[in-house]
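Here is what each chain is made of, one letter per residue.
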Amino acid sequence: MRPPRVALVAVLLCNILPSAARPQARRALTADDYARAERALGPATGPLVSGMPGRPSWLADGRASYRVSTATGWQFVLVDPRRRTRTAAFDHARLAEGVSSALGRRVTGDSLPFSSFDLSPNGQLIFEIEKRWRCDLTTYRCSVVDTTRRAPPPNSILSPDSTRAVFIRDNNLWLTDLTSGAETALTTDGIEDFGYGTNNAGWVKSDEPVVTWSPDSRKIATFQHDGRGVSRMYLVRTKVGAPELQAWRYPLPGDSVIFRIQRVVIDVSGPTPQLVRLQMPPDAHRSMVSDHVACGGRICDLLWYPDASAIAFVSSSRDHKHAWVRVADARTGAVRTLLEEQAKTQVGEVGIAQNWRVLPRSNELIWWSERDGWVHLYLYDLTTGQLKNRVTSSDGNVESIVYVDERARTIYFSGQGIEKGRDPYYRFLYRIGFDGRGQTLLTPEDADHQVAMAPDGGSFIDSYSTPVTPPVTVLRDRNGRVVVPLERADISRLVAAGWHPPTQITLKARDGTTDIYGLMFTPSRLDSTAKYPLVDYIYPMPSGSVGPRSFVAARGDHQALAELGFVVVVIDGMGTRGGRSKTFRDAAYGKMEENTLPDQVAAIQQLAARYPWIDRDRVGIWGHSGGGFATAAAMFNYPDVFKVGISESGNHDNRNYEDDWGERYQGLLVKNGESDNYAAEANQMHAANLRGKLLLVHGGMDDNVPPYNTYLVADALIKANKDFDLLILPNARHGYGRDGLYMMRRRWDYFVRNLLGAEPPHEYEIGKRTSAAP
């Protein structure tokens, strides 16, 4: 055997070579270093914050309830706007005894196993733990509410009155009565690839139907989903024995056939369901506000009239450059078009709220448009489709309509970018008249405001915070006046444990004039005389890298990575949304390879000039999905700036990703001889430019961004004779699931080795040690 001879030669060389020629020992990080970084992750930091409220729920009696964190768990709170009081919702200890007795297992008052509740007219507490329970708040005895009421079937959509549910069986819609258990077929002619309510956009799919119930629970709006002739996608699951092939319909940009939807309304009020097919051609499987037609279990861009006599909906063209607002008679299926929106790039944007309302009583439509470069509201005649007047007009965007007071003819809306000199991503609540007069700011604090309006519009709960200041929660009246202070989050335990907040940063974009915003994470024990490598976390259009502007104790693993000896930045460049103009958001239309990278490069240069402890010669970048696409593009197109990159699950060639994404942001695929208008944007076309260290990662069962995107880049790198690293997580989907913590550790290791120039601890396991903030 040869290994002993090799070892002997190595020993002789070490003895012969002068000490100056021997390789220097690399700094080694320890398991304790990683454990300290791990204590900056959410599971460790989140429990150290008290007074963080959950989303309020408004009860039928006009009061609001929410769950708020405490030092030992959670407490439920009741807010009474009429009495202007905040009280504990119930005796938590006594309720825990009653629940424990009913369930046959021990429950404590600060860990009650439900997240919301309701109160019956006689004051009994109603909640769900596997079943629907009722607890008497005098005796605290609990019992099942209705033993005859059945649970909704799996993957069903419940009616507003909670008495019936709709589900899919054999490509058809079925209705189940939750009292009698009777099942009724709502459709019978659905077949494979042409079923009713089918929930498949290619990149995402579900067994739940896509339906929108009418408010009175008597009708359903849905569609027959036409996937006939659409391309298929294939994945193969790894297992012992024969592999498992998964195949489904998945359209791609440029395909001659994509998903279409034939809209229908089904009347379920009588003994026999009545299906009405709308009198119009099929719509392209498109939405103004999503790259699916399903929005939270409902159909995107569709509203019922309050009396269920009609539906209003939006039809979008395949290329997203046209959108038509239409109204359909729910009884006859007759359709009329009210108005059309057009844009040179796209009408709408993925993630924008559905900012419109139909008001049949006044025969009006509140509509939103970006026709002047911002998201504004307009008032239309609901019969003629004629514009009556513009409602909002200042620079900045209507982020969402919060409440419409038809009697007072006022609109309450959340806005961004309206308050000059403030972060344009902060949300503020405003009130304005239908006539566009009297716009009033109702939440003046310089922070991001999350608002929950009472159903009667008389008051609202406002929780406001910034990325570095914890939330203050108050009850305000309709005029914005604080009437009851509710919560003030306490981060003293978090700070005592060593928590280090990020720094809010404002920089200039590629043009040198446009402001861009972000966060910078630095080591809690920063040495201003040292030099720190910088890691840029990136997610490009449309949502950006930073995430919410409200307070979060831990944003992913950004601070954890910083604790290992890095400066980590997240920056929203041009092409992302928020309180920015349409011009800003459309900056990368038709040139997806930009991925905000010109702005990232400009920002990094400014940060290095501003902070001498940033090492501009050691810059890394990483991202997931669209961020994986951007990361590889950064390594190939800016090799002088980015030296180490980790590209996770990137859509590297949008001809290999779902049709709606590329056709929305790049435009329809246009052939040009052997090439097309997507080719130059594909990462594999630039792979030969790689000079740094690149790790490509993908889940082998990614049914959102199929792994073939990464294989194309890997193949191009091999053909260019480039060294790179490749990690395939064999059975992982797009988000990696149980492999997520493993990938996080591998990410830390890669940056530590290749950017920090140190050795990581061997096979450290995140999640194994007990954690508390760093």
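We now turn to the structure provided with this report. (Residues numbered from 1 in each chain as written. Predicted model: local features only at pLDDT ≥ 70, side-chain atom pairs only at ≥ 80, totals over all residues. Heavy atoms only, no water.)

## So, the packing of aromatic side chains
Here is step 1 of the chain: One pass over the full model with this rule turns up 19 aromatic pairs.
Here is step 2 of the chain: A centroid spacing of 4.4 Å and a plane angle of 20° characterise the contact between Phe114 and Phe127, whose relative ring orientation is stacked. Of this pair, Phe114 sits in the loop between α4 (92–103) and β6 (118–119) while Phe127 sits in strand β7 (residues 125–129), and the two are 13 residues apart along the sequence.
Here is step 3 of the chain: With a relative accessible area of 5%, Phe114 lands in the buried category.
Here is step 4 of the chain: You can call Phe127 buried: its relative accessible area is 3%.
Here is step 5 of the chain: Look at Trp367 and Trp368: their rings are 6.3 Å apart centre to centre, the planes differ by 35°, and that puts the pair in the tilted class.
Here is step 6 of the chain: Put simply, the rings of Phe76, Phe90, Phe114, Phe117 and Phe127 touch in pairs and so form one group of aromatic residues.
Here is step 7 of the chain: A cation over a ring is seen here: Lys205 above Trp248, with NZ or CZ 4.2 Å from the ring centre. (Phe/Tyr/Trp six-rings, centres within 6.5 Å; stacked < 30°, edge-to-face > 60°. Helix = DSSP H or I, 4+ residues; strand = E, 2+ residues; numbered from the N terminus. Buried < 20%, exposed > 50% of the residue type's maximum accessible area, 1.4 Å probe, protein only. Lys NZ or Arg CZ within 6 Å of the ring centre and 35° of its normal.)

## So, the nonpolar core
Here is step 1 of the chain: Leu564, Phe566, Trp748 and Phe751 are the most contacted members of the largest nonpolar core, which has 55 residues in total.
Here is step 2 of the chain: Per element, the largest residue contribution to this core is eight residues, and it comes from helix α12 (residues 740–756).
Here is step 3 of the chain: Excluding residues within four positions of it along the chain, Trp748 makes contact with Tyr34, Ala37, Glu38, Leu41, Asp557, Ala560, Leu561, Leu564 and Ile766.
Here is step 4 of the chain: Formed by 43 residues, the second largest nonpolar core is a distinct cluster that contains Ile505, Ala509, Met520 and Ile604. (Core = buried A, V, L, I, M, F, W, Y, C linked by side-chain atoms within 4.5 Å. Contact = heavy atoms within 4.5 Å.)

## A closer look at the state of the cysteines
Here is step 1 of the chain: By the definition in use, this model includes two disulfides.
Here is step 2 of the chain: With its sulfur 1.8 Å from that of its partner, Cys135 forms a disulfide with Cys142. Residues Cys135 and Cys142 share a disulfide whose torsion about the S-S bond is about 110°; that sign makes it right-handed.
Here is step 3 of the chain: The class of Cys142 is buried, set by a relative accessible area of 17%.
Here is step 4 of the chain: A disulfide bridge connects Cys295 with Cys300, and the sulfur atoms are separated by 1.9 Å. Torsion about the S-S bond of the Cys295 and Cys300 cystine: about 100°, corresponding to right-handed handedness.
Here is step 5 of the chain: Classification of Cys295 as partly exposed rests on a relative accessible area of 21%. (Disulfide = S-S within 2.5 Å.)

## Considerations on the pairing of strand β21 (residues 260–267)
Here is step 1 of the chain: Relative to β21, strand β18 (residues 219–226) runs antiparallel, the two being bridged by eight bridges. Residue pairing across strands places Ile220 opposite Ile266, the latter belonging to β21.
Here is step 2 of the chain: Sheet analysis places β21 next to strand β23 (residues 283–284), joined by two bridges and oriented antiparallel. Paired with Ile261 across the strands is Asp283, a residue of β23.
Here is step 3 of the chain: Sheet analysis places β21 next to strand β22 (residues 274–277), joined by four bridges and oriented antiparallel. The residue of β22 that forms the bridge with Val265 is Val276.
Here is step 4 of the chain: Here β21 folds back onto β22, and the loop between the two strands holds six residues. (Pairing = 2+ DSSP bridges.)

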